[in-house]
Amino acid sequence: MFVLGVDPGVSRCGYGCISDGCISNGGSRELSVVAMGVIRTPPSDELPTRLAALDAELRRLLAELRPDAVAVERLFFQANARTAMSVGQASGLVLAAASATGAHVVQYTPNEVKQAVAGYGAAPKEQMQRMVQAQLKLSARPEPADVADALALALCHLAMAPLQARIRAASGSGVAR
């Protein structure tokens, strides 16, 4: 399974794609990073231009990677209304572009991601970076934090997907609640 995690933002949109398809010598699944990076838009450009550039790059990335699932950070709380609006606009672009590809699209709050990856819903960014590095056996902590957050979203989905599938099967509706 390929899972693309996306930490939405207009200035910086982090992404990280993880595969769980490799089988180790011991028979367990090995996780591997397929792609990671940051899509940036110039702050000097007008917002519509920045959103169009972000949308085009997201669609190119989705077409290139063809993920089975896309995990997007759910806007949970922002003290700054302007930041919340831009993150919401970027998130909407990600959700629409991912849905248009037919990928399974899910959203997780930052606390859900931290709980799944670090075992603690209030884990600080540095701890999350170290946990992502350890779980993916990376030689260095993923930088910038947007990339680490995106990889953490993908890891969270890989951890949660089996439970969500059981819930859908048990409910008979095919839709996790």
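That block above? That's the structure.
Residues numbered from 1 in each chain as written. Predicted model: local features only at pLDDT ≥ 70, side-chain atom pairs only at ≥ 80, totals over all residues. Heavy atoms only, no water.

Q: Outline the environment of Leu-4, listing residues and values.
A: Looking at the secondary structure, you find Leu-4 in strand β1 (residues 2-7). Those residues within four positions of Leu-4 in sequence are excluded, and the remaining contacts are Tyr-15, Gly-16, Cys-17, Leu-62, Leu-65, Pro-67, Ala-69, Val-70 and Ala-71. (Helix = DSSP H or I, 4+ residues; strand = E, 2+ residues; numbered from the N terminus. Contact = heavy atoms within 4.5 Å.)

Q: Explain the pairing of β1 to me, and be specific about the residues and the numbers.
A: When you tally the buried positions in β1, you get five out of six residues, the bulk of the element. Looking at chain direction, β1 and strand β4 (residues 69-73) are connected through four bridges and run parallel. Bridge pairing links Gly-5 to Ala-71 in β4. (Buried < 20%, exposed > 50% of the residue type's maximum accessible area, 1.4 Å probe, protein only. Pairing = 2+ DSSP bridges.)

Q: Tell me about the pairing of β4, and name the residues and values.
A: Burial of β4 is extensive: four of the five residues sit out of reach of the surface. Relative to strand β5 (residues 104-108), β4 runs parallel, the two being bridged by five bridges. Across the sheet, Val-70 pairs through a bridge with Val-105, a residue of β5.

Q: Please provide a residue-by-residue account of the nonpolar core, values included.
A: With 22 residues, the main nonpolar core has Leu-4, Ile-39, Leu-54, Leu-58 and Val-70 as its most contacted residues. Examining the composition of this core, we find that six residues originate from one element, helix α1 (residues 47-65), more than from any other. Grouped together as the second largest cluster of nonpolar side chains are 21 residues, Tyr-108, Val-113, Leu-151 and Leu-155 included. (Core = buried A, V, L, I, M, F, W, Y, C linked by side-chain atoms within 4.5 Å.)

Q: Can you lay out unusual backbone geometry for me, pointing to particular residues and giving the numbers?
A: In this chain, Glu-143 is followed by Pro-144 through a cis amide linkage whose omega measures -10 degrees. For Pro-144, the location among the structural elements is in the loop between α4 (125-136) and α5 (145-171). One non-glycine residue with positive phi stands out, namely Arg-66, at about 45 degrees. We note that Lys-137 has phi near 55 degrees; this positive angle belongs to a residue other than glycine. Here Lys-137 shows up in the loop between α4 and α5.

Q: Give a detailed account of the packing of helix α3 (residues 110-118) against α4, specifying residues and quantitative values.
A: Running from N to C, α3 and α4 point in directions that differ by 50 degrees, and their axes come no closer than 10 Å. As the angle between them shows, α3 and α4 are arranged oblique. Considering how the two elements wind past one another, α3 and α4 form a crossing that is left-handed. Together, Val-113, Lys-114, Val-117 and Ala-118 of α3 and Gln-127, Met-128, Met-131, Val-132 and Gln-135 of α4 make up the contact between the two elements. For the contact of α3 with α4, the class distribution of residues is six nonpolar, two polar and one charged. (Axes fitted to C-alpha atoms, helices over the stretch in contact; angles between N-to-C directions. Parallel < 35°, antiparallel > 145°, perpendicular 65-115°, else oblique. Left-handed = near helix turned anticlockwise from the far one by under 90°. Nonpolar A, V, L, I, M, F, W, Y, C, P; charged D, E, K, R; others polar.)

Q: Kindly report on helix α2 (residues 81-101), identifying the contributing residues and their values.
A: Compared with the 30 Å implied by 1.5 Å per residue over 21 residues, the 30 Å span of α2 between its first and last C-alpha is a close match. Among the residues of α2, Ala-84, Val-87, Ala-90, Ser-91, Leu-93, Val-94, Ala-97 and Ala-98 are the ones counted as buried. Along its buried surface, α2 packs onto β1, α1, β4 and β5. (Expected span 1.5 Å × (residues − 1).)

Q: Give me the packing of α1 against α2: which residues, what numbers.
A: Close contact between α1 and α2 brings their axes to 10 Å; oriented N to C, the two are set at 30 degrees. Pair α1 / α2 crosses with right-handed handedness. Note on element contacts: α2 touches α1 through Gln-89, Ala-90, Leu-93, Val-94, Ala-97, Ala-98, Ala-100 and Thr-101, opposite Leu-47, Leu-51, Leu-54, Asp-55, Leu-58, Arg-59 and Leu-62. The class makeup of the residues in the contact of α1 with α2 is 11 nonpolar, two polar and two charged.

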